[in-house]
Amino acid sequence: MEHVPTGIDGLDKMLNDGLPTGRCILVCGGPGSGKTILSMQFLRHGAIQCNESGLYVSLDEDIGQLKEEMAGFGWDLEKLEEKGKLAIVDASPIRHIPKEVKVGDLWVGKRNFSSLSLIEIVKKNVEKINAKRIVIDPITALTLQYPDISERRTAILDLFEALSNLGTTNLITTELRSVTLERKIRAEEFLAHGVIVLHVFMSDKEIVRGIQIEKMRGIAHDDQIRPYKITEKGIEVFSQEKSLIATPITSTLQV
Ligand SMILES: Nc1ncnc2c1ncn2[C@@H]1O[C@H](COP(=O)(O)OP(=O)(O)OP(=O)(O)O)[C@@H](O)[C@H]1O
Ligand SMILES: [Mg+2]
């Protein structure tokens, strides 16, 4: 299986060279755990080091604010956009689609329309810059529109299938609310090819961060939780070190 380097050295070591090409990988983490920074590092590395254009689709965050935050790491995203190496798209309007939308003579329900619109937005922009890497950050705004588990599975499967058919390597972030290692596993985690979890804990009044590759189909990977830091260079993973986070994991299945 071919590998796509993320550009985060320690994480690439944990993955034995990088992410599997052409797959859909979930990045799960709580607020401020570094999902957006990790995703942008992945796209920047592709654009700068691997000659692979990247598409970033935001479902939540204001694009202006995102660029400002990333500039804090010395990352000039607009320069990459000008060179056609990066496209940043605000897809948050899909959250505001009314209950039903008229398409030609047909009325289409909000739910169907939301996932279809996202897929269309992605396809159009991938073509524009010939993207090889895609980030959707975070998918939560979409999945929350599907309280019914079977509808949710179908919407996620449709999205993953559409992304896989594009041949791109895809990172999809999702919000994690649990503050312990015990958490509810959601449908998207079963359906993704791989799952990377960013854990953040308080230990003796100090924040401890740990990254874990929970699954990665087709790759022999490190399955331990390893420490990571967010520094002025972005995310740094210490793949040779043991994490202070060592509580046994007991997860439950969520409907
Ligand atoms: N220059 C920096 N040095 C160290 N840490 C930083 C720096 N800039 C940001 N951070 C840390 O990164 C966090 C934000 O990371 P990021 O936006 O990637 O998180 P996120 O998981 O996407 O959060 P959200 O769920 O809110 O979108 C901040 O809360 C802060 O702890
Ligand atoms: Mg974010």
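Our subject is the structure that appears above.
Thresholds, definitions, all that
- Residues numbered from 1 in each chain as written.
- Chains lettered and ligands numbered in written order.
- Predicted model: local features only at pLDDT ≥ 70, side-chain atom pairs only at ≥ 80, totals over all residues.
- Heavy atoms only, no water.
- Helix = DSSP H or I, 4+ residues; strand = E, 2+ residues; numbered from the N terminus.
- Buried < 20%, exposed > 50% of the residue type's maximum accessible area, 1.4 Å probe, protein only.
- Contact = heavy atoms within 4.5 Å.
- Areas by Shrake-Rupley, 256 points an atom, 1.4 Å probe, with all protein chains shown as cover.
- Salt bridge = Lys/Arg side-chain N within 4 Å of Asp/Glu carboxyl O.
- Pairing = 2+ DSSP bridges.
- Axes fitted to C-alpha atoms, helices over the stretch in contact; angles between N-to-C directions.
- Near = heavy atom within 4 Å.
- Polar contact = N/O pair within 3.5 Å; in protein donor to acceptor, adjacent residues only side chain to side chain.

Draft legend 1. Spatial organisation of the overall build of the protein. Each helix and strand counted, the protein has 8 helices and 15 strands in total. Looking at the 255 residues of the protein, the share that counts as buried comes to 52%. Summarising the internal contacts of the protein: among those between residues at least 6 apart in sequence, 68% fall at separations of at least 24. Of the roughly 12700 Å² that the protein leaves accessible, carbon and sulfur atoms contribute 50%.

Draft legend 2. The pattern of salt bridges, seen in detail. Taken as a whole and judged by the stated rule, the model has 5 salt bridges. The network of salt bridges with shared partners includes Lys 67, Glu 78 and Glu 81.

Draft legend 3. Quick look at the sheet that holds strand β13 (residues 226–231). Spatially, β5-β4-β8-β9-β3-β11-β12-β13-β14 is the arrangement adopted by the 9 strands of the open sheet, whose pairing is mixed. Each of the sheet's edge strands pairs with one partner strand only, and the pair in question is β5 (86–90) and β14 (234–237). Taken over all neighbouring pairs, the strand axes of this sheet differ in orientation by 20° on average, direction set aside. Looking at chain direction, β13 and β14 are connected through 4 bridges and run antiparallel. Bridging across to β14, Ile 230 finds its partner in Ile 235. Of the strands in this sheet, β4 (54–58) and β5 touch helix α3 (residues 63–71), which is tilted by about 135° from β5.

Draft legend 4. A look at the site of ligand 1. By nearness alone, every residue bordering ligand 1 is listed as Gly 30, Pro 31, Gly 32, Ser 33, Gly 34, Lys 35, Thr 36, Ile 37, Phe 73, Arg 209, Ile 230 and Thr 231. In the model, an oxygen atom of ligand 1 is placed 3.0 Å from a nitrogen or oxygen of the Gly 34 main chain. Contact with the protein chains removes 60% of the 650 Å² of surface that ligand 1 exposes when unbound. Going through the elements one at a time, α2 (35–49) and β13 are the ones with two or more residues in the shell around ligand 1.

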